[in-house]
Amino acid sequence: MNTTGLEALIEAAKQARSRAYAPFSKFQVGAALETEDGQIVTGCNCESASYGLTICAERVAIFKAISEGAKQAKRIVILANTETLTPPCGACRQWLWEFGQDMEVILVNLDGVSANYRLSTLLPWPFDARLLS
Ligand code: THU
């Protein structure tokens, strides 16, 4: 899909959430990344019977985007059906930083409640490639 509107991003995250594979937690999450060139790439959480191999919706979206040739993301919508908005876990914050630095993170629920954050407020003092040199 090639569109840059926020509504389209939210709709894509909603669709992705409906495909969540969450038989263990029943906690369904959808994510929609907007890449640097305006592509939308979605992800849903994928759970494993081993529990520990579960992957969050955000990282599924990032890995899909990378495998499709994207280099960077501008923003991400994370959507869950919770009254208190669902923020990305620590592992996803790290990956989001490495794939988009201080990107916009938009948390949304099914009632249309939303909140916007800069990733640097969710992940202050990040570790990244600059520190490897
Ligand atoms: N989960 C996500 O996909 N993204 C988040 O931001 C929080 C947690 C998933 C992982 C697991 O499948 C379920 O939600 C419960 O933790």
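This text follows the structure it describes.
Read on for an overview of the structure.

Reading guide: rules and limits
- Residues numbered from 1 in each chain as written.
- Predicted model: local features only at pLDDT ≥ 70, side-chain atom pairs only at ≥ 80, totals over all residues.
- Heavy atoms only, no water.
- Axes fitted to C-alpha atoms, helices over the stretch in contact; angles between N-to-C directions.
- Helix = DSSP H or I, 4+ residues; strand = E, 2+ residues; numbered from the N terminus.
- Parallel < 35°, antiparallel > 145°, perpendicular 65-115°, else oblique.
- Left-handed = near helix turned anticlockwise from the far one by under 90°.
- Contact = heavy atoms within 4.5 Å.
- Nonpolar A, V, L, I, M, F, W, Y, C, P; charged D, E, K, R; others polar.
- Near = heavy atom within 4 Å.
- Polar contact = N/O pair within 3.5 Å; in protein donor to acceptor, adjacent residues only side chain to side chain.
- Areas by Shrake-Rupley, 256 points an atom, 1.4 Å probe, with all protein chains shown as cover.
- Core = buried A, V, L, I, M, F, W, Y, C linked by side-chain atoms within 4.5 Å.
- Buried < 20%, exposed > 50% of the residue type's maximum accessible area, 1.4 Å probe, protein only.
- Pairing = 2+ DSSP bridges.
- Disulfide = S-S within 2.5 Å.
- Phe/Tyr/Trp six-rings, centres within 6.5 Å; stacked < 30°, edge-to-face > 60°.

### So, the packing of helix α2 (residues 57-67) against helix α3 (residues 90-100)
Here comes step 1: Look at α2 against α3: their axes get within 9 Å of each other, and the N-to-C directions meet at 30 degrees. For the element pair α2 / α3, the angle class is roughly parallel. Read as a crossing pair, α2 and α3 show a hand that is left-handed. Contact with α2, carried on its side by Glu 58, Arg 59, Ile 62, Phe 63, Ala 65 and Ile 66, involves Ala 91, Cys 92, Trp 95, Leu 96 and Phe 99 of α3 and no other residues of that element.
Here comes step 2: Residue classes in the contact of α2 with α3 are distributed as nine nonpolar, no polar and two charged.

### Considering the site of the ligand
Here comes step 1: Ser 25, Phe 27, Val 29, Asn 45, Glu 47, Thr 54, Cys 56, Ala 57, Glu 58, Thr 86, Pro 87 and Pro 88 make up every residue found near the ligand.
Here comes step 2: With respect to the ligand, the side chain of Asn 45 contributes an N or O atom lying 2.9 Å from an oxygen atom.
Here comes step 3: A distance of 2.6 Å separates an oxygen atom of the ligand from a polar atom in the side chain of Glu 58.
Here comes step 4: Expressed as a share of its isolated accessible area of 370 Å², the protein-covered part of the ligand is 79%.
Here comes step 5: Taken together, the residues that form the shell around the ligand break down as six nonpolar, four polar and two charged.

### Regarding the nonpolar core
Here comes step 1: In terms of nonpolar packing, the biggest core is built from 24 residues, with Leu 33, Ile 76, Leu 96, Phe 99, Met 103, Val 105 and Leu 119 touching the most fellow members.
Here comes step 2: Mapped by element, the contributors of at least two residues to this core are β1 (29-35), α2, β3 (73-80), α3, β4 (104-109) and α4 (119-122).
Here comes step 3: Contact partners of Leu 96, with chain neighbours within four places excluded, come to Leu 33, Ile 62, Ile 76, Pro 88, Gln 101, Met 103 and Leu 119.
Here comes step 4: Among the nonpolar cores identified, the runner-up in size contains ten residues, and Ala 12, Ala 32, Val 77 and Leu 79 belong to it.

### Here we look at the sheet that holds strand β2 (residues 40-44)
Here comes step 1: In spatial order, the strands read β2-β1-β3-β4-β5; together these five strands make up an open sheet with mixed pairing. Since the sheet does not close on itself, it has two edges, and those belong to β2 and β5 (114-118), each with one partner. Ignoring which end each strand starts from, the neighbouring axes of this sheet average 20 degrees apart.
Here comes step 2: As paired elements, β3 and β4 share six bridges and run parallel to each other. Pairing of Ala 80 across the sheet is with Asn 109, part of β4.

### Description of the state of the cysteines
Here comes step 1: Tallied over the full model, the rule gives zero disulfides.
Here comes step 2: For Cys 56, which is in no disulfide, the shortest distance to another cysteine sulfur is to Cys 92 and amounts to 3.9 Å.
Here comes step 3: Note on Cys 56: relative accessible area 23%, which makes it partly exposed.

### A short note on the packing of aromatic side chains
The relation between two aromatic rings is expressed through the spacing of the ring centres and the mutual angle of the planes.
Here comes step 1: Going through the model one piece at a time under the given rule, you end up with two aromatic pairs.
Here comes step 2: Measuring from ring centre to ring centre gives 5.6 Å for Phe 24 and Tyr 51, while their planes differ by 45 degrees; the resulting arrangement is tilted. Of this pair, Phe 24 sits in the loop between α1 (6-18) and β1 while Tyr 51 sits in the loop between β2 and α2, and the two are 27 residues apart along the sequence.
Here comes step 3: The class for Phe 24 is partly exposed, based on a relative accessible area of 38%.

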